[in-house]
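# Coordinates in review
Now for the letters of each chain:
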Amino acid sequence: MKKIIIMLLSILVVLSLVACGNNKNTDTNTNTNTNTNTNTNTSSNTESNTNTSSSNTQTNTNTSSTNKDTNSNTNSGGEEVVPPVSDYESTTVEEELKTELEVFDKEDTFGVGGTMNDYTTETVVDVSKVASNAKYLIASGGTYRLTGTSTDGQIYIQAKDQEVVLVLDNVSLTNKNFAAPAIYAEDCSSVIIILVGDNYLEDSKTNDGEGAVLRVRSCNLTIDGQGTLNVKANAKHGISNTKETTINGGTYNITAPNQGIYGKLGLTINGGRFNIEAGKSALKSGDIEDLADGYIDINSGSFEFKAGTNGLNCNGQVDISDGRIVVNSTSGNAIDATKNISITGGTMLFNSYKSAITTDENVILGGTANLKIETNGNGVSAKDLTIETSGVIFIKTAPVYELVNAETPADETVFVFVDGSYVKFDSNVHAVDMLKYTRRDCRGFEADGTITINSGVIGIDSYEDAMNVGYAVISGGTLVLNTTKDAFDGISVEFGTNATITVLNSEKGVNATTVTVNGGLISINALTDAIKAETTIFNGGKTYLFDKIDAGTTGTVSVNGGTILMIATTNNEQSTVGSSKYISTVVQNNDIAVAGKWIEINCGSNTITLELPKDYTEKMTVYFTSNTMGVDLIVSIGSLDENGDFVAEKTEMYK
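Rules of the game
Residues numbered from 1 in each chain as written. Predicted model: local features only at pLDDT ≥ 70, side-chain atom pairs only at ≥ 80, totals over all residues. Heavy atoms only, no water. Helix = DSSP H or I, 4+ residues; strand = E, 2+ residues; numbered from the N terminus. Buried < 20%, exposed > 50% of the residue type's maximum accessible area, 1.4 Å probe, protein only. Polar contact = N/O pair within 3.5 Å; in protein donor to acceptor, adjacent residues only side chain to side chain. Contact = heavy atoms within 4.5 Å. pLDDT = per-residue confidence, 0-100. Pairing = 2+ DSSP bridges. Axes fitted to C-alpha atoms, helices over the stretch in contact; angles between N-to-C directions. Phe/Tyr/Trp six-rings, centres within 6.5 Å; stacked < 30°, edge-to-face > 60°. Lys NZ or Arg CZ within 6 Å of the ring centre and 35° of its normal. 1 Å grid on protein atoms, 1.4 Å probe; cavity = no way out; pocket = protein on both sides within 12 Å on 5 of 7 lines; lining within 4 Å. Points joined across faces, edges and corners; volume = space filled by probe spheres on them. Nonpolar A, V, L, I, M, F, W, Y, C, P; charged D, E, K, R; others polar. Core = buried A, V, L, I, M, F, W, Y, C linked by side-chain atoms within 4.5 Å. Salt bridge = Lys/Arg side-chain N within 4 Å of Asp/Glu carboxyl O.

So, about the side chain of asparagine 602. Along the chain, the position of asparagine 602 falls in strand 53 (residues 598-603). By relative accessible area, asparagine 602 is classed as buried at 14%. Separated by 3.2 Å, the side chains of asparagine 602 and glutamate 600 make a polar contact. For asparagine 602, the contacting residues outside a window of four places in its chain are Thr607, Asp632, Leu633 and Ile634.

For the chain, the average pLDDT comes to 80, and 75% of its residues sit at 70 or higher. In this model residues 2-90 is a low-confidence stretch, pLDDT under 50, and it forms 165 contacts with partners more than four residues away in sequence or in other chains. Contacts for the low-pLDDT stretch residues 404-415, under 50 throughout, to residues beyond four places or in other chains number 27 contacts.

To continue, consider the sheet that holds strand 56 (residues 633-640). Reading across from one edge, 54-53-56-57 is the order of the 4 strands in this open sheet, with antiparallel pairing throughout. Each edge of the open sheet is held by one strand with a lone partner, namely strand 54 (606-611) and strand 57 (646-654). Strand-to-strand, the axes of this sheet are offset by a mean angle of 20 degrees, without reference to chain direction. Judged from the 6 bridges that link them, strand 53 and strand 54 form a sheet pairing that is antiparallel. From the neighbouring strand, asparagine 602 faces strand 54, where its bridge partner is threonine 607.

Before going further, it helps to examine the packing of aromatic side chains. Within the structure shown, the criterion is met by 5 aromatic pairs. When the centroid spacing of 4.8 Å and the interplanar angle of 10 degrees are considered together, the rings of tyrosine 252 and phenylalanine 274 count as stacked. Separated by 22 residues along the polypeptide, tyrosine 252 in strand 20 (residues 251-256) and phenylalanine 274 in strand 23 (residues 273-278) bring together distant segments of the chain. Take tyrosine 252 and phenylalanine 274: they sit in the same class, and that class is buried. Here the aromatic rings of phenylalanine 488 and phenylalanine 495 are separated by 5.3 Å at their centres, their planes lie at 75 degrees, and the arrangement is edge-to-face. Neither residue differs from the other here; phenylalanine 488 and phenylalanine 495 are each classed as buried. Here the aromatic cluster, defined as three or more aromatic residues joined through ring pairs, consists of Tyr252, Phe274, Phe303 and Phe305. Just above the ring of tyrosine 156 sits the side chain of lysine 135; from NZ or CZ to the centre is 4.8 Å.

With that settled, consider the layout of surface pockets. Once rolled over the atoms, a probe with the size of a water molecule shows which space is left empty. Taken as a whole, the second largest pocket encloses approximately 280 Å³ of empty space. Around the second largest pocket, the lining comprises 18 residues; the ones closest to its centre are Gln259, Lys280, Ser281, Lys284 and Asn313. Where the lining of the second largest pocket is concerned, the elements lending two or more residues are strand 24 (283-285) and strand 27 (312-314). When the residues that make up the lining of the second largest pocket are grouped by side-chain class, the tally is 3 nonpolar, 11 polar and 4 charged.

This part is about the nonpolar core. Counting 109 residues, the largest nonpolar core has Phe350, Phe445 and Phe488 as the members making the most contacts within it. Residues within four places of phenylalanine 445 in sequence aside, it is in contact with Val380, Leu385, Ile387, Ile393, Ile395, Ile451, Ile458, Ile460, Ala466, Met467 and Asn468. Counting residues in hydrophobic clusters, the runner-up holds 21 residues, among them Val587, Leu612, Tyr616 and Phe624.

Counted under the stated rule, the structure contains 14 salt bridges. One salt bridge connects lysine 508 with glutamate 507, and the closest N-O pair in it is separated by 3.8 Å. A salt bridge links lysine 597 to glutamate 649, with the nearest nitrogen and oxygen atoms 3.1 Å apart. Pair noted here: lysine 597 is in the loop between strand 52 (580-588) and strand 53 and glutamate 649 is in strand 57, with a separation of 52 residues, a long-range link. Look at lysine 597 and you get partly exposed, because its relative accessible area is 22%. In this structure, a network of salt bridges that share partners links the residues Asp441, Arg443, Glu446 and Glu464.

Okay, here's the thing in structure tokens:
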């Protein structure tokens, strides 16, 4: 990633000097036409240039073709020259973002947290002394310390409008014969559980007390402490509460066939370590069937979820401000909500069968949030998406094929050619059955409304569109995109002054009705069109396109500012566009202009050298814009020798 950023910044500095004519600055400046120069230029483009003025004495040895500068500037008021690099290579998104992605490999530093409240007046309950098949009833408020082991008992709390504190002190309670929870509380003002040592709770498969090992009804639940709670659910849920649940600390190891932790009206987690394996959702709040809104707030903690459906499932809003959350979802989403999802901190690693993050409303990825997503669905699916994080977001999508509306054939492993690759099916598939296979969307970002990106490092490697959106406003951030479809697909796409965007591969770089480039540094490699739009407007910035702009028969391309370099396989004549011009040169039968070769472009005193990311085997047309015309444009194709110096193999000149 550092290589491409340095390369792009270097090109930006070089092209900012584009005048292709006279520079009236009286300071001594390398490659300035009004200075007195002694210039020796060999075929390998090695230049020795000595400039002298009263305000600046500078000796500059420049091998422009290899982008290596040795610059000694003795003028304290002179402009700093940033030397470009020559070792840029087209690589994968992971390779480009290798350094940034190391954030996901950092050690988990979240502790169990929690507090140890001092409850001086307490009743000690040895559960081993509870009679077999019996309930121990707590009918009044107070503090109760549970100890011992019971393989056939229940703690039943019914203290109307009173607060009950349970200190679980190395207790083991297995309710094998009761068709009820191991601990059941109702009608209290609140229940507080303090964890001490190692504790174990388990129910039976016949548990019909709404199916949770630890069940709280009609009162708020708070769990705290620095101990461990091991929960094995055989009926439905691990921990369940009909009202609000707050967890401040502790370690939780939970297995459940349904939900791991269910706080119906709300779930807040301020700390702790959570290892949850659930047949359905690891964390759940709200209930769509009951039209009950809930919420999930995570402020800290360490989470490892294996979920049959969703990692976090909320009929309501999800807010995450910190923590490390790892979700593996075998048939659902990492986060599924009906209202807004806000992630403003922490590190998320999501592996999901469907969309990683999905909601009917809006998603905000801000603060210091870091997300790494691998999914067979969309990375993020929302109405509106806003990204303003200082962290890293990486998304990788891959397709999955499902047989629908067809009877399962005889058991046999076959490989079927679908969408350009062989797909394995563990069944006997006939050609007629291919129409019955479907593939879900697997885009990077999908938003019906607007995607707004203000900051962050974002890498997307997607099977379908990297961004599929109504409107996209990319005002800042660093984006590296790779896709077999379109990098941007929407109604309107706008690039701002602080955006750095690199499209490594795409079918169409930008496919929209309107495209506006107000600034930034944009590089797009496309299979068909770098930009396909009815209206394309360039107001500023540096744009490098490795395929044509397609405006159709009635569209327009306007250049009001900025610099555009376009290398395409078209053969258009020189044309006036907006307030600037395209100047072009056509290199025909250009069998050497292939991926991996290097291209050097000279316009007056400015040189750009970069590697070609794709083949131009028939002909290659180079378009370059400048506010000042009349200077030769020289295009050379070649390679780098063992010393990294550019060696031209074919050169064309446009006058």
